[in-house]
Every structure is written in structure tokens, then in C-alpha cells.
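An overview of the molecular structure
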Amino acid sequence: MGVREQKLRTDRLVFYRTDVTKLEGELDGFLELSSARSALLIDREGHLVTKRGEVQQHSLDSISALVAGSFAATREMARLLGEEEFSTLYHQGQRDSIQVSLVGDRALFAVVFDERTNLGMVRYYATETTRRLDVVLTEVAERPEGEGEEKLASDFGSSATAALDKLF
Amino acid sequence: MVQINFAQKQVNAKVVYYGPGMSGKTTNLEIVHQRAPTGNRGDLTSISTDGDRTLFFDFMPLDLGTVAGMRTCFQIYTVPGQVYYNSTRKLVLQGVDGVVFVADSSAAMVEENLESLRNLEQNLNEYGKSLATVPHVIQFNKRDLPDAMSLDELNRLLNPHNAPFFEAIANTGQGVFPTLKALAARVLESIHQSGSRAGSPQPAAPIPAQAAAPIAMAAPVAAQAAGQGAYYSATPSASPQAVAAAQRALQQTGFHGAVQAPGRPGSMPPPLALPAQPIAMSHGAPEMARTTVHAPPPVGHGGPVGHGGHAPHAAPAQHVQPPAANHAAASLRMAPQAPVLQHGAPQLGRPDANAARRAPAPAAAAHPNARPAAKPEARPQAAHRPAPAPAPAPAPAAPAPVRRGSKAWLYASIFVVVALGIGVVVAKTVLKVF
């Protein structure tokens, strides 16, 4: 296991504004070129990083978790079949379809598209976009924590306790 | 793995309910879903069998609200408890930030509890984590069962790291929220502590998969019971037979120090290595027989898996066929030009700088976050789609066609001569007749 992978496994993932701006720029470019409906960037634990396009906000958490779970299962299947991993996953629906691509070690790039485009276009542009997203995510993953411009507030712990008391 | 997103002002953490089959993990989640304020909870998603046994996971997002300016969300999962589903159980544990271990208090379930705890430790080890480092709490569920073991015994057997523990009767809701609240507090505290350590060297390297797993079943008992707020009053102690069975189970699995002195995290007894064989498969026959009724066929059966594996490749071809053939072909033809993903390239320092220079459109200077204006002439599909290829030019004259032409000409000549001859003969005959 490489140093980078060790870090990815043990660290937290911190995104600053500049990171997300870069990532969203890539997603916007992809949507423009591919005519897909929406593009989601999800980390492999199922947390949404960012999204662009037409997305229903209320179901995003569930979709992200299911995409990550589905991809994790596919990866395990690949391992059992002797493949390192299946880098792309595609589900075809009557109206909407979804393609999921692996972005480096860390994230998943999910594209929802309908009849306005087709799988060939989506796959072609997604390949290039995935490579570019990986460049940005690698910078994020390898950046030492605390170098960013923003930090958690010092009263996060006490505020968390108060929030929990309020909720439960 | 915690995700902190300063752009969205959001903190995401992953919490997993773990434990043996039928111990009440899904019930816990259902109660949280039923009773959490509507604005804080998301949809409860279950991937389960026809018999309502968890097949992959149950999932529910829970929004704790704004904490110090950051929207704090927990993604809560349960795992399938059956021994058979260890591979999917392990997948759900990936990137976990906190664990609730739901134990069945029944004396008859001691062995299943122990095995599940060992399996948890083993699966965490595979991700470079350990119960010693991952925030966790223990819930002793089904306290209303007549054969429920005492808290002392359960703690001695199932709480090796002196984690906070709670009694519960999950199907009535008792103990569900205190458990979750305690875990949430631990996870948030760990986020805060890690945040305040930002910039400092990272923790030690993860524990290797087969490294010593601290399953030392230390006994926190009295101090724990006093200090950790038991939610529900203790029930009668377990029978001596049950305790003896637990001891036997521990010894059978290679653990010989079950009831040694209490071990605080700072003074843990030497961790004991796990048995080398996969624990999950060690005695799962009855479980397998029970749980595979609705389960998908095993991988070894070939057909479905093999077919599924190829489906993604096969399907696109069919899907793309009629409308996509042109687009796909156009995409492929565009490849050498590489003009298409250029906007924003200068700002992002994309590695494909040469391609950027080849880009024809000045629209590349747009802000990376700005969605390009809809300019029909700039739409890459139209702008960069090559003109239809001209029809192939007629092939220049070549020796072979000439030869073929000569032959035809020869045949035609022969035909004409023969026809003329026949015509002449016929004409003479006719003239003779008349």
C-alpha cells in the first residue's frame, strides 16, 4: 500500500472553496459538451462533494450513498473475477440512464442523462473529465491538512454538544 | 472518512450499526427515522431480501443542524448481520467514522455476539483501523428477554475498550436515541480533535490486516456501570451455564484471557492475535441455510455474474445504435483534434496544454465556474463535428479494370458478328422463299 493510499485511508477529506470551484468548472464543461442532465462528484464513502445540472436536492444523499455502495459492490465483483476493478458502471433506464466512473483512488463521477444525448457522447467526454477531476482531487488529497484558508471554528465541540442536546 | 466541505459549509460523517443477525440494527434505524424531526431526517433506504433481512445496507441521512457555522450531517448505515454477507458488510465499513455495536442480550446469542465483534475488528483492520481508534459505543439490546444476560457479563465479554454502553429495547424505542447521541458526540469530538491537530503529523500507520487485534475482553464492569449511565435497569444475571458457554467460546477461538483485569485504553493488556481462519465462515452453516433462501446465487454459479459482468459493455452498443451512431462516430472522429474540453483550461493548468493551444475558440477564457453561454455556433457538437466525409473519388484507371474492359469488348464484338451472320442467313432464306 502506497503512502498516498495510506493517507487516503486514514485522513479526512477537506475541500476548500477554490477546490470546489475548480471541480464545478470541470463538471460545467462536461455538461455543456455532453448535454447530460446532471453530474455528481461523490467520494467513495458516499458523501456528495458537489453537483451541477438539474438535480433533485432532496434525494441527493440517498443517491450518493447508493452510487457508492453499488460501485463498491462492483469493485468486489471485479476482484473476485480477477480484475483490478471495473472503472465504469452503467445503468440504462427507460428515460434516464446513469453512468458512474471511478476518479482516481478517491471519488466517483456520476452522470445522469436522458434522450437529449447518448451513451457514446457521455462516455467520450466523461473519460477526459474524469482525468481532469483526478488531477484536482489528487491536489486535495495530498495537501497537508491545515494549509487551507479555512478551519473549523474553535467552538465546534461545544456547539456540537448543544446541537445534539437540541436534536435528541 | 469525515468530509469537510468549506465551500458547501458542510461536515459529513459516516456511522455504521454493526452486530449479529437479528440483533436489532435495522430496528434502531427505523426508530431513529420515525422519531427524528422531519426536517432533520432524509429518506430511509433499505436494500433487503424478500424476508426483510438486510441484504446490503439500510441507509438514512440525519442532519444534526448547523454546528459552529457548518451544516453537520451523519450518514447512518446498518450492515447485514448474517455471517454469509461478510463481503458486503465489509464494504459498508469502508470509511466509517463511528460504530454502534448492537449486541443481543440473550444468553443464547453470546457466541454470535462474540463472533460479530471479532468480525468487526477484523474488517476494520482491513481498512487500517481498529476498535481501539474508531469511536464506538455498545448497545445491549433486547433487555426485556427473559434470558437476558447481566450487564456485567455482557460488558466483560463484549466491551473490550470500555466504550460507553447502553441498554435498549429497540422495538419500543427505549435506548435508541441515547445510544446514537453518545456515538454522535464521540464522532464530533474526534472531528474537532483532529481539526485542532491540523497540520501536525498524521497518526501512526494503519494496523496490518493480520496484526494483533485488540479483542482483549477486559472487564470494565463496575466502574462502567456506575459512570456510563445505564439507560434501562439491569435485568437478572445470566445463568452460570451461559457464562461457561461464553468462556468456552472464547477459548475455542484462541482467546485465553477473557476475564483478566480491566483494561483501560492506556493500560490495555497485550492485544491478542485473531485466529488465522476467516471467522465469518467458521460456524455459519445454520445461518447460511436460513439466509440464502432469498439471496442471490453465489458467484461461483457463473451464469448471472458472468452475464452481469459483461452487460455494461454489451448494452451500450445496442443502446447507441440508431441515434447514436452518428454522434459516436463524430466523437471518435473528433478525437485527434482534441478541441472539446478546453474551456477553463488556462486557469486550471490542465496538463493537456497543447490541446488547449489547438483550441480554436476564445471562449476558453471564461471563468471555470461559469457555465458557457448558449452559443449555437460554439456548441462543440455542431462546431467541431467534421463535415460529412466526401464520397470516395473514383478510382483512377488501373490495369485490372482495363483488362476487364477489353474482355467485355471482345465478347461484345463476337456477339455482334455472330448476330450479323445469323441475320444474313435468315435474310437469304426469306428472300429465297419469296
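Residues numbered from 1 in each chain as written. Chains lettered and ligands numbered in written order. Predicted model: local features only at pLDDT ≥ 70, side-chain atom pairs only at ≥ 80, totals over all residues.

Regarding the overall build of chain A
Note the following rule: What counts as a helix is a DSSP run of H or I of at least four residues, what counts as a strand is a run of E of at least two, and both are numbered from the N terminus. Neighbour counting defines burial: a residue surrounded by 20 or more other C-beta atoms within 10 Å of its own C-beta is buried, one with 12 or fewer is exposed, and intermediate counts give partly exposed, using backbone-placed C-beta atoms. Residues are treated as contacting if the C-beta atoms built from their backbones sit within 7 Å of each other.
The helix and strand tally for chain A stands at five helices and six strands. Taken across its 168 residues, chain A has 49% of its residues classed as buried. Taking as baseline every contact in chain A between residues at least 6 positions apart, the subset at least 24 positions apart corresponds to 55%.

Notes on the overall build of chain B
In terms of helices and strands, chain B carries 13 helices and eight strands. Burial status across chain B gives 41% buried among its 434 residues. For chain B, long-range pairs separated by at least 24 residues make up 72% of all intrachain contacts whose partners lie at least 6 apart in sequence.

Considerations on the nonpolar core
Soluble, globular proteins show a tendency: their nonpolar side chains are buried together. For clarity, the cut-off: Residues enter a nonpolar core if they are buried, belong to Ala, Val, Leu, Ile, Met, Phe, Trp, Tyr or Cys, and are joined to the set through C-beta atoms within 7 Å.
Judged by nonpolar contacts, the single largest core of 117 residues is most densely connected at Ile 42, Leu 108, Ala 110 and Val 111 of chain A together with Val 16 of chain B. When sequence neighbours within four positions are dropped, the list of residues in contact with Val 111 of chain A reads Ala 36, Ala 39, Ile 98, Gln 99, Val 122 and Ala 126 of chain A.

Digging into helix 1 (residues 25–35) of chain B
Counting buried positions along helix 1 of chain B gives eight out of 11 residues, so the element sits mostly inside the fold. Those residues of helix 1 of chain B that sit buried are Lys 25, Thr 26, Thr 27, Asn 28, Leu 29, Glu 30, Ile 31 and Val 32 of chain B.

Points about the pairing of strand 3 (residues 48–53) of chain A
All names here are of chain A. For clarity, the threshold we go by: Pairing between strands is defined by DSSP: at least two bridges between them are needed.
Both strand 2 (residues 38–43) and strand 3 contribute to a ladder of five bridges, which runs antiparallel. From the neighbouring strand, Ser 38 faces strand 3, where its bridge partner is Gly 53. In sequence, strand 2 turns back onto strand 3 through a hairpin of four residues, with Gly 46 there showing a positive phi of about 95 degrees.

So, the sheet that holds strand 3 of chain A
Strand pairing in a sheet takes place through backbone hydrogen bonds and is either antiparallel or parallel in direction. Residues and elements named next belong to chain A. Applied cut-off: Note on geometry: axes are C-alpha line fits, over the in-contact stretch for helices, and angles between N-to-C directions span 0 to 180 degrees.
The five strands are arranged 3-2-6-5-4 in an open sheet whose pairing can be described as antiparallel. Because the sheet does not close on itself, it has two edges, and the strands there are strand 3 and strand 4 (88–91). On average, adjacent strands in this sheet sit at an angle of 15 degrees to one another, irrespective of strand direction. Where helix 2 (residues 17–34) meets the sheet, it contacts strand 2 and strand 3, and its direction lies at approximately 35 degrees from that of strand 3.

Regarding the pairing of strand 2 (residues 10–18) of chain B
All names here are of chain B. Across the nine residues that make up strand 2, a large majority, eight, are buried. Judged from the three bridges that link them, strand 1 (residues 3–5) and strand 2 form a sheet pairing that is antiparallel. Paired with Ile 4 across the two strands is Val 11, which belongs to strand 2. Two successive antiparallel strands, strand 1 and strand 2, enclose a turn made up of four residues, where Lys 9 displays a positive phi of approximately 55 degrees. The sheet contact formed by strand 2 and strand 5 (residues 70–78) spans eight bridges and is parallel. When the bridges of strand 5 are listed, Val 15 appears paired with Ile 76.

Quick word on unusual backbone geometry
Generally, phi is negative for residues other than glycine and the peptide bonds are trans, each holding for most cases. All names here are of chain B. Residue Lys 9 is not a glycine yet carries a positive backbone phi of 55 degrees. Position of Lys 9 among the secondary structure elements: in the loop between strand 1 and strand 2. Residue Lys 9 is classed as partly exposed on the basis of its 13 C-beta neighbours within 10 Å. Unlike most non-glycine residues, Met 22 shows phi in positive territory, near 65 degrees.

Concerning the packing of helix 2 (residues 86–93) of chain B against helix 3 (residues 110–126) of chain B
All names here are of chain B. As a reminder, the rule being used: Angle categories are assigned with fixed cut-offs, so that under 35 degrees is roughly parallel, over 145 is roughly antiparallel, 65 to 115 is roughly perpendicular, and the rest are oblique. Crossings are assigned a handedness: left-handed for a near helix turned anticlockwise from the far helix by less than a right angle, right-handed for a clockwise turn. The nonpolar class holds Ala, Val, Leu, Ile, Met, Phe, Trp, Tyr, Cys and Pro. Asp, Glu, Lys and Arg form the charged class, and all remaining residues, Gly among them, are polar.
Where helix 2 meets helix 3, the closest approach of the two axes is 10 Å, and the angle between their N-to-C directions is 60 degrees. Taken together, the axes of helix 2 and helix 3 lie oblique to each other. Seen from above, helix 2 lies across helix 3 with right-handed handedness. Together, Asn 86, Arg 89, Lys 90 and Leu 93 of helix 2 and Asn 119, Asn 123, Leu 124 and Glu 126 of helix 3 make up the contact between the two elements. By residue class, the composition of the contact of helix 2 with helix 3 is two nonpolar, three polar and three charged.

Thoughts on the packing of helix 3 (residues 60–80) of chain A against helix 2 of chain B
It is at 10 Å that the axes of helix 3 of chain A and helix 2 of chain B come closest, and there the two elements cross at 130 degrees. One way to sum up the angle between helix 3 of chain A and helix 2 of chain B is to call them oblique. Seen from above, helix 3 of chain A lies across helix 2 of chain B with right-handed handedness. Taking contact as the criterion, the partners of Gly 69, Ala 72, Ala 73 and Glu 76 of chain A in helix 3 of chain A are, on helix 2 of chain B, Ser 87, Thr 88 and Leu 91 of chain B. In terms of residue class, the contact of helix 3 of chain A with helix 2 of chain B is built from three nonpolar, three polar and one charged.

Quick look at the environment of Asp 28 of chain A
Tracing the backbone through its elements, the reader meets Asp 28 of chain A in helix 2. Taking the C-alpha atoms as reference points, Asp 28 of chain A and Ala 39 of chain A, 11 residues apart in sequence, are found 8.3 Å from one another.

With respect to helix 3 of chain A
All names here are of chain A. Applicable threshold: Working rule for helices: expected span equals 1.5 Å times residues minus one.
Taking 1.5 Å of rise per residue, the 21 residues of helix 3 would be expected to cover 30 Å, and the 30 Å separating its terminal C-alpha atoms lies within 8% of that figure. Along helix 3, the residues that are buried comprise Asp 61, Ile 63, Ser 64, Ala 65, Val 67, Ala 68, Gly 69, Phe 71, Ala 72, Thr 74 and Arg 75. A positive backbone phi angle near 90 degrees is found at Gly 82, which sits one or two residues after helix 3.

Here's the deal with the confidence of the model for chain A
Stated formally: pLDDT: the predictor's confidence for each residue, scored from 0 to 100.
Per-residue pLDDT for chain A averages 86, and the proportion of residues at 70 or more is 90%. Highest mean pLDDT in chain A belongs to strand 6 (residues 107–113) of chain A (95); lowest belongs to helix 1 (residues 3–10) of chain A (49).

What about the environment of Gln 3 of chain B?
Counting through the fold element by element, Gln 3 of chain B comes out in strand 1. A count of 24 C-beta atoms within 10 Å places Gln 3 of chain B in the buried class. Here the alpha-carbon distance between Gln 3 of chain B and Lys 14 of chain B, two residues 11 residues apart in the chain, equals 9.3 Å. Aside from chain neighbours lying at most four places away, what touches Gln 3 of chain B is Leu 13, Asp 43 and His 47 of chain A together with Asn 12 of chain B.

Considering the confidence of the model for chain B
All names here are of chain B. The share of residues in chain B with pLDDT of 70 or more is 50%, and the mean pLDDT across the chain is 65. Per-element confidence in chain B ranges from a low mean pLDDT of 33 for helix 8 (residues 285–291) to a high of 97 for strand 7 (residues 136–141). Counting contacts from residues 249–402, a segment whose pLDDT is below 50, to residues more than four positions away or on other chains yields 177 contacts.

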